[in-house]
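This is what each chain is made of:
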Amino acid sequence: MRIAKSVLIQPGGNAAYAIPAVALSLFCFAYSIKFGQAAILLYYALWLPLIAVDYKKVLGSHGRYLWIYAFAAVAFLSVFWSAVPSISLRASIQYLTQVICALIAVRVLDVRTLTVGMVAGVGIVLVYSLLFGYYEYDPLDGTFSFVGAFASKNQLGFYASLGLIVAFAAVFIFGERRLWMAASGVVGLLSAYCLIACQSATSVLTTAVVIALMMGLRVVLALAPDHRKLLVVGGGVAVIVLAVAGVYLGAVDAVLGIFGKDSTLTGRTYLWQQGIEAAKQNPVLGIGYQAYWVQGFSEPERLWEEFFIGSRSGFHFHNTYIETAVELGLAGVIVLAVMLLRILWGHLRRVIEDFRNDESYLLFSIAVLLTIRSFVEIDILTPYNVGTFLFYFAAGKLAIARRQPAVSSWQRHTSPEPVTQ
């Protein structure tokens with residue numbers, strides 16, 4: 001029996017394959033440490049074989065993707081100056097293959113399919129954590145937090161954040177009804193519960209900001225494209241003023257106090273200072289991709305002991321830019337920052353200028369989530385991570401030439417005007 005290519009690789013027409021593929025990918029990302037090579041091989045098996053179906057369509061013209069490969073290229077080149085070349089080589093190859101899989105997904109998924117696939121995937125991940133998860137004592141702040149089946153409450157919080165965002169998007173952006181509307185409601189409730197149970201201040205605050213942003217964008221999109229720029233600029237200035245005022249008036253400390261945190265962010269400010277000192281040792285090119293947190297090196301051993309990391313693994317500086325500066329120096333920081341800014345500006349521009357662009361509406365919101373979290377986590381620096389996958393998926397969609405965006409059911413019921421470019 002022959003299977004039509006469109007069933008596997010046609011965006012919008014391959015939901016029967018693509019939705020399970022996205023869902024299983026999220027499960028592999030979430031628990032790759034727990035299930036090891038089996039999870040990683042499953043992830044590769046979901047995307048790489050699609051090249052054999054129609055390599056021209058699946059791979060596309062990679063000339064337009066060159067800027068997307070920039071950070072992966074720097075990571076790979078760091079092998080030549082790395083303190084531990086074997087680790088940098090293996091990790092950089094893994095990262096590169098993650099980028100390739102994400103760009104394959106860009107070619108075969110539309111954003112609506114990504115959204116409902118993530119609804120299903122986050123649901124599976126959270127149910128698994130609720131069934132097999134546990135509470136963990138944090139010696140730094142003296143509290144017990146639910147970490148699910150993860151090694152960190154912040155990772156559980158990240159998936160809960162994504163669950164709320166895609167549940168909102170499925171119903172209010174893409175107008176899902178019946179089965180997926182019900183599924184979004186269930187996943188939204190599960191995500192809210194896990195967000196509260198894990199007590200991750202980072203995840204709660206970033207989720208609140210992004211959901212508020214998505215609701216605000218709905219107001220902006222009610223205006224004609226010519227009128228949106230003024231509102232976006234004005235709103236942006238207002239947010240900056242309020243943020244600065246909040247810092248000076250002590251609002252930050254008050255908010256952190258709600259979560260039992262202080263201005264040191266449970267030792268993160270000290271960790272950041274240690275990271276900055278480490279980055280000064282090799283300021284231009286760094287010590288090599290993933291070549292710092294290596295067992296046997298004196299400085300990471302000291303930090304593992306100070307932060308009660310008995311496993312002596314799975315730790316980082318809790319800041320994307322400091323971690324990048326340590327591993328890849330100023331060169332890596334500049335490349336990564338330029339990519340992130342290009343993704344943010346590119347999707348925001350499409351949201352503002354297009355009559356309706358649901359794709360950029362969601363991807364800009366996810367990019368904002370990754371940007372905010374980048375100051376306290378490293379979601380986009382490691383392979384086999386949902387943050388890395390979404391980062392490069394958003395970049396890939398930006399690299400593809402604009403097409404007339406699909407009209408969601410919400411649009412059809414609320415907008416009498418035709419969609420134009």
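Notes on the structure follow.

Calculation rules
Residues numbered from 1 in each chain as written. Predicted model: local features only at pLDDT ≥ 70, side-chain atom pairs only at ≥ 80, totals over all residues. Heavy atoms only, no water. Helix = DSSP H or I, 4+ residues; strand = E, 2+ residues; numbered from the N terminus. Buried < 20%, exposed > 50% of the residue type's maximum accessible area, 1.4 Å probe, protein only. Areas by Shrake-Rupley, 256 points an atom, 1.4 Å probe, with all protein chains shown as cover. Axes fitted to C-alpha atoms, helices over the stretch in contact; angles between N-to-C directions. Parallel < 35°, antiparallel > 145°, perpendicular 65-115°, else oblique. Left-handed = near helix turned anticlockwise from the far one by under 90°. Contact = heavy atoms within 4.5 Å. Nonpolar A, V, L, I, M, F, W, Y, C, P; charged D, E, K, R; others polar. Core = buried A, V, L, I, M, F, W, Y, C linked by side-chain atoms within 4.5 Å. Polar contact = N/O pair within 3.5 Å; in protein donor to acceptor, adjacent residues only side chain to side chain. Phe/Tyr/Trp six-rings, centres within 6.5 Å; stacked < 30°, edge-to-face > 60°. Lys NZ or Arg CZ within 6 Å of the ring centre and 35° of its normal. Patch = residues over 30% accessible without salt bridge, like charges linked within 9 Å, V, L, I, M, F, W, Y side chains within 5 Å. Salt bridge = Lys/Arg side-chain N within 4 Å of Asp/Glu carboxyl O.

Regarding its fold elements, the chain presents 19 helices and two strands. Counting over 421 residues, the chain shows a buried share of 51%. When the accessible surface of the chain is split by element, carbon and sulfur atoms take 68% of a total near 19,000 Å².

In the contact formed by helix α9 (residues 153-172) and helix α10 (residues 179-198), the axes pass within 8 Å of each other and the chain directions differ by 150 degrees. One element, α9, and the other, α10, form an angle in the roughly antiparallel class. As α9 packs across α10, the resulting crossing turns out to be left-handed. Contacts between α9 and α10 involve K153, L156, G157, A160, S161, G163, L164, A167, A170 and V171 from the former and M181, S184, V187, G188, S191, A192, C194, L195 and C198 from the latter. Among the residues forming the contact of α9 with α10, the class breakdown is 12 nonpolar, six polar and one charged.

Grouped together as the largest cluster of nonpolar side chains are 108 residues, with contacts concentrated most on W47 and M214. Not counting chain neighbours up to four residues away, the residues in contact with W47 comprise A21, V22, S25, C101, I104, A105, V108 and L109. Grouped together as the second largest cluster of nonpolar side chains are 20 residues, F307, F317, I322 and V376 included.

A word on the environment of I19. Summarising the element assignment, I19 is placed in helix α2 (residues 15-35). Judged by relative accessible area, I19 falls into the buried class, the value being 11%. Each C-alpha atom of the pair I19 and M118 lies 7.9 Å from the other, and the pair is 99 residues apart in sequence. Look past the residues within four positions of I19 in its chain and what remains in contact with it is T113, V116, G117 and W180.

For N319, the location among the structural elements is in the loop between α15 (298-306) and α16 (320-353). Among the polar contacts made by the side chain of N319, one reaches the main-chain amide nitrogen of Y321 at a distance of 2.9 Å. Setting aside its immediate chain neighbours within four residues, N319 contacts W272, S374, F375, V376, E377 and I378.

All chains considered together, the criterion is met by 29 aromatic pairs. Between Y43 and Y44 the ring centres are 5.9 Å apart and the planes differ by 35 degrees, which places this aromatic pair in the tilted class. Ring geometry for Y95 against Y289: centres 5.8 Å apart, planes inclined by 70 degrees, an arrangement best described as edge-to-face. Highlighted residues: Y95 in helix α7 (residues 85-108) and Y289 in the loop between α14 (268-279) and α15, separated in sequence by 194 residues. By the burial criterion, Y95 is buried, and Y289 matches it. Three or more aromatic residues link up through ring pairs in this structure, and these residues are F27, Y31, F35, Y128, F132, F150, F158 and Y159. We note R342 situated over the ring of W67; from NZ or CZ to the ring centre the distance is 4.1 Å.

The next thing to look at is the side chain of S129. With respect to the helices and strands, S129 occurs in helix α8 (residues 111-132). S129 gets classed as buried once you look at its relative accessible area, which sits at 0%. Apart from the residues lying within four places of it in its own chain, the contact partners of S129 are Y31, F146, G148, A149, F150 and L156.

On the surface, F76, L77, F80, W81, L89, I93, V284 and L285 cluster together into a nonpolar patch covering about 740 Å² of accessible area. Residue assignment for the nonpolar patch shows that the elements contributing at least two residues are α6 (70-77) and α7. Counting through the fold element by element, L77 comes out in helix α6.

Quick look at the pattern of salt bridges now. A full pass over the atoms with the stated rule returns nine salt bridges. Between R112 and E176 there is a salt bridge whose closest N-O contact spans 2.6 Å. Taken as a pair, R112 in helix α8 and E176 in the loop between α9 and α10 lie far apart in primary sequence, 64 residues in all. Of the residues examined, R112 reaches a relative accessible area of 27% and is grouped as partly exposed. Exposure remark for E176: the relative accessible area of 9% places this residue in the buried category. Across the pair E301 and R312 runs a salt bridge, and its minimum N-O distance is 2.5 Å. Highlighted residues: E301 in helix α15 and R312 in the loop between α15 and α16, separated in sequence by 11 residues. When its relative accessible area of 32% is taken as the criterion, R312 is described as partly exposed.

Any functional reading would require information that these geometric values do not contain.
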